[in-house]
Structures are given as structure tokens and as C-alpha cells.
Amino acid sequence: PKELLLKERLDFYEPAKRIVISAAFTQSIQKCLKACKVMGWHAYESHGRSRPTPKDLDHFASDSDDLLAMVVHPACVYGLNLSASPTIQVYSNDFNSDSRAQLIERCDRPGKEGHSGTKIDDYIHLPSDLKVLNNLNAKLNVYNFTVEEIRRWFS
């Protein structure tokens, strides 16, 4: 089911010509790369030792008419500018909330044209998918507390 949903999303985002796909497991990354190839998208990878080159990143950020996907492990996005994509398709999550926060930040950058926010689609097909997402969101909510809010708790 996730592969079919990904193919639908690749078709839907074809006019945008850019898409970021996050996958937390090697097998998931391979499935995403295969789906991109089948749908006619050129896919760059960022996981483990595989990182896009500066030339690849420039191509992804360009106004080229090529269909370009960035398939990333959420822990391997530090330092990348992925704001050319209007969406993050989260094929699979891990429990690392720092990586999730960094992934969102890499795509939804300050000054992004039409800064209406990046659309994030989490693929939820199993109860465990929802459990992991709920855990990540709870951790991110804690990170987002300001010092002033914390002081009010203790007042």
C-alpha cells in the first residue's frame, strides 16, 4: 500500500517537479528509489555514506524541468537545502525527533518563496506507524516550549 501511495504522490507533485521523500530504513529507501525510477523521476540519495554532491543539490534547487526526487534518511539531511520541494513524503519514521525536526527545517526554510509551509504527508498503514509518529510529535512538542512557558509552570 505504501508503494501505491508514493506513486500517486509522485504523479500528483509532477507539476512541482521536486519532491522530498524521507525513509528511515534501507529497505524503505530502496523501495522509494525504485518507485521514483518507475514513475520517471530522477532520485538523489542521502543516507549512510551516500550523500548528494553539491552539483546534485544545485540541480535540485534549480528551475530545471527535470523531475527530481531527494530520497533521504531523516538523520542524513543536516546541511542540505531542500526548500525547492513543496512537500515531504514520509515513507517511514524512526524514533529520532532531532532528525525529524531537522528534516522539516531543511525543507521549510525561512524565506522560502510563498512561505505557506511545507506539506508533510506521513504514510500510516500500521498501528506501529501511528505509534512512532505520536511519539515523535510528543517529543517535538516538548522541544518547542519556550523558557517563558517553563517559568510559568513553576510560578
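A quick note: this is a predicted structure, and the numbers were derived from the prediction, not measured. (Residues numbered from 1 in each chain as written. Predicted model: local features only at pLDDT ≥ 70, side-chain atom pairs only at ≥ 80, totals over all residues. Heavy atoms only, no water.)

## Structural notes on the packing of aromatic side chains
Piece 1. Scanning the entire structure with this criterion turns up two aromatic pairs.
Piece 2. An angle of 85° between the planes, with centres 4.9 Å apart, marks the rings of Phe12 and Tyr13 as edge-to-face.
Piece 3. Aromatic pair Tyr91 and Tyr123: ring centres 5.9 Å apart, planes at 55°, arrangement tilted. Linking Tyr91 in the loop between strand E4 (87–90) and helix H4 (97–107) with Tyr123 in the loop between strand E5 (119–122) and helix H5 (127–143), this pair joins segments that are 32 residues apart in sequence. The exposure classification of Tyr91 matches that of Tyr123, with both residues buried.
Piece 4. The ring centre of Tyr91 lies 5.4 Å from the NZ or CZ of Lys2, which sits over that ring. (Phe/Tyr/Trp six-rings, centres within 6.5 Å; stacked < 30°, edge-to-face > 60°. Helix = DSSP H or I, 4+ residues; strand = E, 2+ residues; numbered from the N terminus. Buried < 20%, exposed > 50% of the residue type's maximum accessible area, 1.4 Å probe, protein only. Lys NZ or Arg CZ within 6 Å of the ring centre and 35° of its normal.)

## Overview of the pattern of salt bridges
Piece 1. Tallying each qualifying case throughout the model produces four salt bridges.
Piece 2. Glu3 is the salt-bridge partner of Lys31, the closest N and O atoms lying 3.5 Å from each other. Residue Lys31 is located in helix H2 (residues 26–38), and its partner Glu3 is located in helix H1 (residues 2–12); the two are separated by 28 residues in the primary sequence.
Piece 3. What makes Lys31 partly exposed here is its relative accessible area of 34%.
Piece 4. When its relative accessible area of 27% is taken as the criterion, Glu3 is described as partly exposed. (Salt bridge = Lys/Arg side-chain N within 4 Å of Asp/Glu carboxyl O.)

## Quick notes on the environment of Lys17
Piece 1. Turning to its location among the elements, Lys17 is positioned in the loop between H1 and strand E1 (18–22).
Piece 2. Residue classification places Lys17 among the partly exposed positions, given a relative accessible area of 24%.
Piece 3. Separated by 48 residues in sequence, Lys17 and Asp65 have C-alpha atoms that sit 6.7 Å apart.

## Things to note about the sheet that holds E4
Piece 1. With respect to topology, five strands assemble into an open sheet ordered E2-E3-E1-E4-E5, the strand pairing being parallel. Each of the sheet's edge strands pairs with one partner strand only, and the pair in question is strand E2 (42–46) and E5. Geometrically, the sheet is characterised by an average inter-axis angle of 20° between neighbouring strands, direction not taken into account.
Piece 2. Here E2 runs beside strand E3 (residues 68–72); their pairing, made up of five bridges, is parallel. Bridge pairing in E3 links Ala43 to Ala69.
Piece 3. Contacts between H1 and the sheet are confined to E1, E4 and E5, with E1 contributing the most and set at about 160° to the helix.
Piece 4. Along the sheet face, H2 touches E1, E2 and E3 and points at about 175° away from the line of E3. (Pairing = 2+ DSSP bridges. Axes fitted to C-alpha atoms, helices over the stretch in contact; angles between N-to-C directions. Contact = heavy atoms within 4.5 Å.)

## A closer look at the packing of H1 against H2
Piece 1. Between H1 and H2, the least distance of the axes is 10 Å, while the angle of their chain directions is 45°. In terms of orientation, H1 and H2 fall into the oblique class. For H1 against H2, the interelement crossing comes out right-handed. In this structure, H1 uses Glu3, Leu6, Lys7 and Leu10 to contact H2, whose residues at the interface are Lys31, Cys32, Ala35, Cys36 and Val38. (Parallel < 35°, antiparallel > 145°, perpendicular 65-115°, else oblique. Left-handed = near helix turned anticlockwise from the far one by under 90°.)

## Re the pairing of E1
Piece 1. Along E1, five of the five residues are buried, which leaves the element largely enclosed by surrounding structure.
Piece 2. With burial as the criterion, each face of E1 is covered, one bearing Arg18, Val20 and Ser22 and the other bearing Ile19 and Ile21.
Piece 3. Looking at chain direction, E1 and E3 are connected through five bridges and run parallel. Within the sheet, the bridge partner assigned to Arg18 lies in E3 and is Leu68.

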